[in-house]
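If you want the building blocks of each chain, they are given just below.
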Amino acid sequence: EEFWDQQSLQIPIYVSGELAASAHQFYRLFLEWTHPSLRAASLDNTIAASLDHSVKRRRNKFNFQHIKPFDEKYLNDPGPMVVFATPGMLSGGASLNIFKHWAPIENNLLILPGHCVAGTVGDKVLKG
């Protein structure tokens, strides 16, 4: 998020997967579950801001401005995009569907987790 803001990037970022969306929602609602340094950087400085209008309010780091839920209708959208999809081993679900659709297109980049279970599509891709 901060990098996208600093660079003024207009490339959409999508996340696919109910578990990721649910976790994101919990972190937004229960910021106290996070590390104290992240919590301190995220909380609105409401009292200081109300006393001194030059104080910049901090925003909750989990109120993403650039990250949106992925919808399969985006598969054919022109231009670049970033998609975080599960499962990371390409064993099924959204990640495998996206991979099958985008793999033949030379301009696309695939980043896999450091480990994929033997026999999964991800493992086969990593082994070439």
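Structure's up top.
Below is a summary of the structure that appears in this document. Everything quoted here is computed from the prediction, not taken from an experiment.

1. Details of helix H5 (residues 93-102)
Part 1 of the argument: Within the sequence span of H5, burial applies to Ala94, Ser95, Leu96, Ile98 and Trp102.
Part 2 of the argument: On its buried face, H5 sits against strand S1 (13-16), strand S3 (82-85) and helix H6 (121-126).

2. Let's talk about the sheet that holds S3
Part 1 of the argument: The strand order across the open sheet built from three strands is S2-S1-S3, with neighbouring strands paired in parallel fashion. Two strands in the sheet have a free side with no partner beyond their single neighbour: strand S2 (67-69) and S3. Pairwise comparison of adjacent strand axes, ignoring direction, gives a mean angle of 30° for this sheet.
Part 2 of the argument: Note that S1 and S2 share three bridges and pair parallel. The residue bridging Ile13 from the neighbouring strand is Ile67, located in S2.

3. With respect to the pattern of salt bridges
Part 1 of the argument: On inspection of all chains with the given rule, the structure shows one salt bridge.
Part 2 of the argument: Its salt-bridge partner being Lys127, residue Asp123 comes within 3.3 Å of it at the nearest N-O pair.

4. What to know about the side chain of Ser95
Part 1 of the argument: Relative to the helices and strands, Ser95 resides in helix H5.
Part 2 of the argument: Judged by relative accessible area, which is 6%, Ser95 ranks as buried.
Part 3 of the argument: Apart from the residues lying within four places of it in its own chain, the contact partners of Ser95 are Ala85, Thr86, Pro87 and Leu90.

5. Describing the nonpolar core
Part 1 of the argument: Tyr14, Phe70, Tyr74, Leu75, Met81, Ile98 and Trp102 form the largest nonpolar core, which has seven residues in total.
Part 2 of the argument: Leave out the neighbours within four places in its chain, and Ile98 touches Phe70, Leu75, Val83 and Ala85.

6. Details of the environment of Trp102
Part 1 of the argument: As for its position among the elements, Trp102 is in helix H5.
Part 2 of the argument: Exposure remark for Trp102: the relative accessible area of 16% places this residue in the buried category.
Part 3 of the argument: Measuring from C-alpha to C-alpha, the distance between Trp102 and Asn76 comes to 9.1 Å, with 26 residues separating the pair along the chain.
Part 4 of the argument: Filtering out sequence-adjacent residues up to four positions away, Trp102 remains in contact with Leu75, Met81, Val83 and Asn108.

Conventions adopted
Residues numbered from 1 in each chain as written. Predicted model: local features only at pLDDT ≥ 70, side-chain atom pairs only at ≥ 80, totals over all residues. Heavy atoms only, no water. Buried < 20%, exposed > 50% of the residue type's maximum accessible area, 1.4 Å probe, protein only. Helix = DSSP H or I, 4+ residues; strand = E, 2+ residues; numbered from the N terminus. Contact = heavy atoms within 4.5 Å. Pairing = 2+ DSSP bridges. Axes fitted to C-alpha atoms, helices over the stretch in contact; angles between N-to-C directions. Salt bridge = Lys/Arg side-chain N within 4 Å of Asp/Glu carboxyl O. Core = buried A, V, L, I, M, F, W, Y, C linked by side-chain atoms within 4.5 Å.

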